[in-house]
Each structure stands twice: as structure tokens, then as C-alpha cells.
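Working through the structure, step by step
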Amino acid sequence: MNAADLSLEPVETPEAVRAAAVRVCPRCSHTRQATDTAPAWQCPRCEVAYDKVLPTSVAARQKPEGARARPAAAPGDKPWTLIVLAGGVVVLIALMGWKWNHDKAQAAERIARAESDARALQIATQREGMEQLARLGAAETQWRRGQGLDVLPTVRAMVLLSAMLDEGNGIPRDHAESMQWLTRAAHQGSSLAAVRLGAIYQEGRGGEPRQMSLTENWYLRAARQGDAAGLYRLGDLYANGAATVAQRPVAAYMLLELADRLGRGNPEDPLTLPRYGAVHLQLLARRMGPVDIAEARRRADAWKPGQPLDL
């Protein structure tokens with residue numbers, strides 16, 4: 001046995017030589033020629049071993065018609081499409097999370113603002129009620145001590161008499177006579193009496209029927225005189241509306257603005273019970289547009305006590 005017999009090259013049998021003479025390369029489709037010098041097992045053009053690519057070609061022929069062969073990915077290729085798609089999904093989720101947190105924060109801020117306004121209004125109302133009770137208490141003390149003349153400078157005599165008859169405090173109560181004195185005082189120009197009459201008919205005090213038309217008329221009489229309580233109560237009536245009184249936001253804002261400018265009226269008047277302030281204007285302004293607010297302020301600037309109200 002010589003060294004040639006121990007070679008690792010494939011042995012070319014006569015059958016292999018005849019087959020190689022007509023063999024077609026499954027990779028480059030080259031038809032082998034008789035003049036080709038490459039070994040019978042190797043394609044002369046692409047130098048690939050026929051048997052190494054033969055299984056792939058057979059698999060390709062066995063695929064169903066219409067199926068497309070997937071291109072082989074190069075060793076260095078990266079799935080950029082999947083990376084970009086995954087990045088887009090992450091960004092979308094992040095944006096959705098940010099928007100949800102943003103909307104939640106805005107809703108919490110609106111709730112907190114509404115609660116703060118409600119607390120401010122409640123505190124202002126409580127403070128005002130305490131001040132009113134203090135003034136009423138002082139007037140009652142003077143009344144019980146028989147210091148009626150000392151009370152007269154701050155309260156009209158007929159209004160005080162009406163209050164005495166309505167509340168009693170050591171004298172027989174007579175609501176009918178109390179209403180007579182109060183009405184007489186209002187007709188003689190007492191804005192305080194007009195405000196009290198409006199409140200009585202608005203709330204149905206003392207068994208009086210609720211009559212919103214009378215309420216509006218009495219509040220209007222007091223407001224025309226520049227009475228802060230009358231301005232506020234008429235403005236509050238127009239802001240909220242009632243049975244026979246429609247809502248009038250512009251007129252309401254004008255009246256509340258005037259009441260706020262004039263302050264709380266005479267601070268020594270124990271029978272005046274206004275409930276106005278900047279908080280009420282802020283709440284009303286939220287229901288109005290800037291054009292209506294500007295018009296209401298223009299009317300307030302142009303009005304003087306004693307003039308007809310531009311409602």
C-alpha cells in the first residue's frame with residue numbers, strides 16, 4: 001500500500017466520473033463540463049462540494065408552491081426593526097403613564113381648590129355671624145338696661161320697636177303690629193327696614209308667606225339708597241334665582257361688587273345681617289365670561305347711590 005492509497009480525497013469511481021460529467025451545481029447552477037479539471041465532488045465555478053449543498057436544495061424543492069424562502073441572515077445583522085418597535089412601545093407606555101399622572105394631579109388640584117374656597121366661605125360666614133351676634137348682644141344689653149335713647153342713634157326707632165314686638169323680651173309679642181311698624185319705617189326711607197322686610201318674605205319668617213316678588217322689591221328699595229346689605233341681598237337673589245325671579249349674572253355681579261366696595265355697611269347696626277364678601281364674587285365669576293364681568297364692573301363704576309340701578 002503506497003502513500004496515494006492513504007489520501008483523504010474522495011475516490012473517483014467510474015460511476016462518479018460519469019455522474020459528474022452532467023452534474024449541475026445546486027448553488028450556482030453551473031453545469032459541469034468534460035473539460036473541467038476540478039474534482040468530481042467539487043463545483044469548478046464556486047468550488048463548493050456538491051453533497052454539502054444537496055440537502056438544502058432538496059429541502060427547497062420539497063417546499064409547497066408559493067412559499068418564499070427566507071433569506072439567510074448575515075452573521076453580523078441585528079434585528080433593528082424589533083429594536084425600534086420595542087422602543088416605540090416603551091415610549092408610548094411612558095407617555096400614557098405621564099398623561100394619567102398629569103390628569104390625576106389636575107383633578108386633585110381642582111378638588112383641593114374647591115375645598116379651600118368652601119372652607120374660606122365657611123370661615124367668613126362664621127366670623128360674620130359672630131360679629132353680628134356680638135352687635136345684637138350689645139344692643140340687647142342696652143335695651144334691657146332701659147337705655148333706649150342710646151340705641152336710637154344706631155337703629156331707627158320704628159325698626160327697633162318692630163324688633164321688640166316681634167321678639168318679645170319682657171313685652172307681649174305681636175307679629176302683626178311688628179310688621180306694621182317695619183313697613184311704615186321702610187316706606188319712610190329706612191333701608192334697614194326694607195332689608196328686614198325682604199328677608200322676612202324671602203324666608204317666610206313669623207308665618208308670613210314666601211313672596212319673592214315682594215322680596216325683590218324691598219331689596220331693590222334698599223339697594224337704590226346705597227345700602228350695602230340691600231345691594232348684597234339683591235345681588236345674591238339674582239345670582240341664584242328664585243321661584244319668580246330669574247338668574248341675572250351681570251346684574252348680580254354688579255350689585256355684589258358695589259356691596260363689597262361699600263363694605264359691611266354701618267358696623268354698629270345690630271339689625272343688619274348682610275352676607276357678602278370677595279368670596280361670593282369669586283364664586284360667581286367662575287360662572288361668567290370675561291366680557292360679562294367687564295360689563296358688570298362698568299355698570300358698578302358708573303352708578304351712584306340714589307340713582308336708578310342699571311339692571
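Above this text sits the structure in question.
Below is a short write-up of the structure. Everything numeric in this text was worked out from a predicted model, so none of it was measured. (Residues numbered from 1 in each chain as written. Predicted model: local features only at pLDDT ≥ 70, side-chain atom pairs only at ≥ 80, totals over all residues. Heavy atoms only, no water.)

The end-to-end C-alpha distance of helix 7 (residues 191-203), which contains 13 residues, comes to 18 Å, matching closely the 18 Å that a straight helix rising 1.5 Å per residue would cover. Taken across its 13 residues, helix 7 has 12 buried, putting it largely inside the fold. When helix 7 is considered as a whole, its buried residues turn out to be Ser 191, Leu 192, Ala 193, Ala 194, Val 195, Arg 196, Leu 197, Gly 198, Ala 199, Ile 200, Tyr 201 and Gln 202. Just beyond helix 7, the residue with positive phi is Gly 204, at close to 70 degrees. (Helix = DSSP H or I, 4+ residues; strand = E, 2+ residues; numbered from the N terminus. Expected span 1.5 Å × (residues − 1). Buried < 20%, exposed > 50% of the residue type's maximum accessible area, 1.4 Å probe, protein only.)

With that settled, consider the packing of aromatic side chains. If you walk through the whole model with that rule in mind, you get zero aromatic pairs. Geometry around Tyr 238 places Arg 248 over its ring, the cationic atom sitting 4.7 Å from the centre. (Phe/Tyr/Trp six-rings, centres within 6.5 Å; stacked < 30°, edge-to-face > 60°. Lys NZ or Arg CZ within 6 Å of the ring centre and 35° of its normal.)

Before going further, it helps to examine the pattern of salt bridges. In this structure the tally under the stated criterion is eight salt bridges. When the shortest N-O distance is used, the salt bridge between Arg 298 and Glu 295 registers 2.7 Å. Taken as a pair, Arg 298 and Glu 295 lie in helix 12 (residues 290-302) at a separation of three residues, close to a single helical turn. Since its relative accessible area comes to 44%, Arg 298 is described here as partly exposed. For Glu 295, a relative accessible area of 26% corresponds to the partly exposed category. Linked through salt bridges whose partners overlap, the residues forming this network are Glu 257, Arg 261 and Asp 301. (Salt bridge = Lys/Arg side-chain N within 4 Å of Asp/Glu carboxyl O.)

Another point: a nonpolar patch on the surface. A surface patch of nonpolar side chains, about 290 Å² in accessible area, is lined by Leu 85, Val 89 and Ile 93. With respect to the helices and strands, the residue Ile 93 is situated in helix 3 (residues 80-144). Classification of Ile 93 as exposed rests on a relative accessible area of 55%. (Patch = residues over 30% accessible without salt bridge, like charges linked within 9 Å, V, L, I, M, F, W, Y side chains within 5 Å. Areas by Shrake-Rupley, 256 points an atom, 1.4 Å probe, with all protein chains shown as cover.)

So, on to the nonpolar core. Formed by 29 residues in total, the largest nonpolar core has its most connected members in Leu 234, Tyr 238, Tyr 253, Met 254, Leu 284 and Leu 309. Taken together, the elements giving at least two residues each to this core come down to helix 8 (212-224), helix 9 (228-240), helix 10 (249-262), helix 11 (278-285) and helix 12. It is helix 10 that contributes the most residues to this core, nine residues altogether. Residues contacting Met 254, with those up to four places away along its chain left out, are Ala 296, Arg 299, Ala 300, Trp 303, Leu 309, Asp 310 and Leu 311. (Core = buried A, V, L, I, M, F, W, Y, C linked by side-chain atoms within 4.5 Å. Contact = heavy atoms within 4.5 Å.)

Okay, the side chain of Glu 216 next. With respect to the helices and strands, Glu 216 occurs in helix 8. One buried charged side chain, Glu 216, makes no salt bridge at all; its nearest oppositely charged neighbour is Arg 248, positioned 4.2 Å away. Here the side chain of Glu 216 touches Tyr 238 through a polar contact of 2.6 Å, side chain to side chain. If near-sequence neighbours (up to four positions away) are discounted, Glu 216 is found in contact with Leu 234, Leu 237, Tyr 238, Val 245 and Arg 248. (Lys, Arg positive; Asp, Glu negative; His and termini not counted. Polar contact = N/O pair within 3.5 Å; in protein donor to acceptor, adjacent residues only side chain to side chain.)

A separate point is unusual backbone geometry. For Glu 47, which is not a glycine, the phi torsion comes out positive at approximately 60 degrees. The topology assignment puts Glu 47 in the loop between helix 1 (14-21) and helix 2 (50-62).

On to the packing of helix 7 against helix 8, then. One way to put it is that helix 7 packs onto helix 8 with a least axis distance of 8 Å and a crossing angle of 160 degrees. The angle between the axes of helix 7 and helix 8 places the two elements in the roughly antiparallel class. As helix 7 packs across helix 8, the resulting crossing turns out to be left-handed. Side by side, helix 7 and helix 8 meet where Ser 191, Ala 194, Val 195, Leu 197, Gly 198, Ala 199, Tyr 201 and Gln 202 of the first sit next to Met 212, Leu 214, Thr 215, Trp 218, Tyr 219, Arg 221 and Ala 222 of the second. Per-class residue counts for the contact of helix 7 with helix 8 are 10 nonpolar, four polar and one charged. (Axes fitted to C-alpha atoms, helices over the stretch in contact; angles between N-to-C directions. Parallel < 35°, antiparallel > 145°, perpendicular 65-115°, else oblique. Left-handed = near helix turned anticlockwise from the far one by under 90°. Nonpolar A, V, L, I, M, F, W, Y, C, P; charged D, E, K, R; others polar.)

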